[in-house]
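Remarks on the overall topology
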Amino acid sequence: MALFRYPRPLPSEITPKQIYLSRRTLIGATAALAASATAAEAAPLQTHRGPYSAVLEPTPHEDVTHYNNFYEFGMDKADPSSQSQEFQPLPWTLEITGLVKKPLRLDVEQLLKSSEIEERIYRMRCVEAWSMVIPWDGIPLANLLRNADPDPRATHVAFESVVRPLEMPGQNGGFSGIQWPYVEGLRLDEAMNPLTLIALGIYGETLPNQNGAPLRLVVPWKYGFKGIKSIQRIRLLDHEPPTTWNRLAPDEYGFYANVNPQVDHPRWSQASERVIGARSLFGARRQPTLMFNGYGEQVADLYRGMDLRAHF
Ligand SMILES: Nc1nc2c(c(=O)[nH]1)N[C@H]1C(S)=C(S)[C@@H](COP(=O)(O)O)O[C@H]1N2
Ligand SMILES: [Mo]
């Protein structure tokens, strides 16, 4: 069980050594409290091991926080960690609107109070054929959506990332071709699945900017691009919303994006994956990719009778 705290202390409130300590020690009680002594308004929160965590060896913290995709900060894997340090996640408001009976506007503190924070150790499989194992801290999305009381007409959920060109260099021109904001979507039953998480932390620490501070989506049986970062708006709809990668390259990235080793990307195989942070004698280690990224028992029923080749 780790201690988890938000808001994190401002860099000006702690020394670099303390930042290092608070990041390195899974926020061991003493280090975290020492580091946050001057900004201790918010009490540390308990993180509980969630029931859906498989027994998996997490990818080293250094790789999880320095090998990232977050095009708002640039297109190289090292850009998000180096280019996101000016980004100020707080204050933040998450809106849940659309086909709901009780629209919600929540700041991060209200979010943290709305539900118990669970630790979920999940595999993450990027569509580019690499993978990690990440220990997330977060809230089941279903809990949030229930609080908003979905209207019976709602069938889908749309998500929108933040737009802040002054803090996000990738939103100033750049070559990605992405129309901002980054947008994603799920079917409502996928969003309500108990595996679907809104993460506010990793490794028992506040979510680093490069991983999608202050809150992002985690859908472990889908390709990583569905896990939209720095979410400001969630809307319930009666139709399938447009999604960023599908809009850019509809033949390569579908709405569903379920991890499937039998359906190749048009330009590469999806049968296996490079394991980030794991080396073998011959360089990067590879392993076979699992159907639904290994979560079939929990999610295969969502797709009964669907042609997963057509709905890739
Ligand atoms: N807003 C936003 N969310 C995003 C992305 C992005 O570029 N912008 N990249 C996606 C992709 S392709 C992946 S693989 C994961 C990477 O998450 P990580 O850097 O925390 O491992 O974030 C996803 N979420
Ligand atoms: Mo990805």
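Residues numbered from 1 in each chain as written. Chains lettered and ligands numbered in written order. Predicted model: local features only at pLDDT ≥ 70, side-chain atom pairs only at ≥ 80, totals over all residues. Heavy atoms only, no water.

With that out of the way, let us pick up the side chain of Asn260. Examined against the element boundaries, Asn260 turns out to sit in the loop between α8 (244-248) and β13 (272-280). With residues up to four places along the chain from it excluded, the contact list for Asn260 reads Tyr223, Gln270, Met291 and Leu308. (Helix = DSSP H or I, 4+ residues; strand = E, 2+ residues; numbered from the N terminus. Contact = heavy atoms within 4.5 Å.)

In this section: the pairing of strand β6 (residues 130-140). Counting buried positions along β6 yields 11 of 11 residues, so the element is predominantly enclosed. By the bridge criterion, 9 bridges tie strand β5 (residues 117-126) to β6 in an arrangement that is antiparallel. Across the sheet, Ile121 pairs through a bridge with Pro135, a residue of β6. Between the end of β5 and the start of β6, which pair antiparallel, lie 3 residues, with Ala129 showing a positive phi angle near 75°. Sheet topology places β6 next to strand β9 (residues 197-202); 5 bridges connect them, and they run antiparallel. Each residue of the ladder has a partner; that of Ile139, found in β9, is Ile198. (Buried < 20%, exposed > 50% of the residue type's maximum accessible area, 1.4 Å probe, protein only. Pairing = 2+ DSSP bridges.)

Take the site of ligand 1 next. Surveying the vicinity of ligand 1 reveals 16 residues, the closest of which are Asn68, Tyr71, Glu72, Gly227 and Lys229. Take Asn68: an N or O atom from its side chain is 2.8 Å from an oxygen atom of ligand 1. Side-chain polar atom of Arg216 to an oxygen atom of ligand 1: 3.1 Å apart, as the coordinates give it. Isolated, ligand 1 exposes 530 Å² of accessible area, and the fraction of that covered by the protein chains is 99%. With respect to the pocket detection grid, ligand 1 is positioned in the second largest pocket. (Near = heavy atom within 4 Å. Polar contact = N/O pair within 3.5 Å; in protein donor to acceptor, adjacent residues only side chain to side chain. Areas by Shrake-Rupley, 256 points an atom, 1.4 Å probe, with all protein chains shown as cover. 1 Å grid on protein atoms, 1.4 Å probe; cavity = no way out; pocket = protein on both sides within 12 Å on 5 of 7 lines; lining within 4 Å. Sits in = over half its atoms within 2 Å of the grid points.)

What follows concerns the pairing of β9. A regular strand carries its side chains on alternate faces of the sheet. Taken across its 6 residues, β9 has 6 buried, putting it largely inside the fold. When β9 meets strand β11 (residues 216-218), the two strands line up antiparallel, connected through 3 bridges. Paired with Leu197 across the strands is Val218, a residue of β11. Relative to strand β10 (residues 205-206), β9 is paired through 2 bridges, and the arrangement is antiparallel. Bridge pairing in β10 places Gly201 opposite Thr206. Following β9, the chain reverses through 2 residues before pairing antiparallel with β10; Tyr203 in that reversal takes a positive phi of roughly 50°.

Once that is clear, we can look at the UniProt feature "binding site: Mo-molybdopterin" (unreviewed entry) in the protein chain. Here, the residues flagged by UniProt with the feature "binding site: Mo-molybdopterin" (unreviewed entry) are Asn68, Tyr71, Glu72, Cys126, Ser161, Asn211, Arg216, Gly227, Ile228 and Lys229. For the largest cavity, the lining residues among the annotations just cited are Arg216 and Gly227. Of note, Arg216 is situated in strand β11. With residues up to four places along the chain from it excluded, the contact list for Arg216 reads Trp136, Leu197, Ile198, Ala199, Leu207, Asn211, Gly227, Ile228, Lys229, Ser230 and Ile231. Here Lys229 is to be found in the loop between β11 and β12 (231-237). Once residues within four sequence positions are removed from consideration, Lys229 is found in contact with Asn68, Asn69, Phe70, Ser161, Gln210, Asn211, Gly212, Leu215 and Arg216. (UniProt positions renumbered as here; feature names shortened; annotations may be inferred.)

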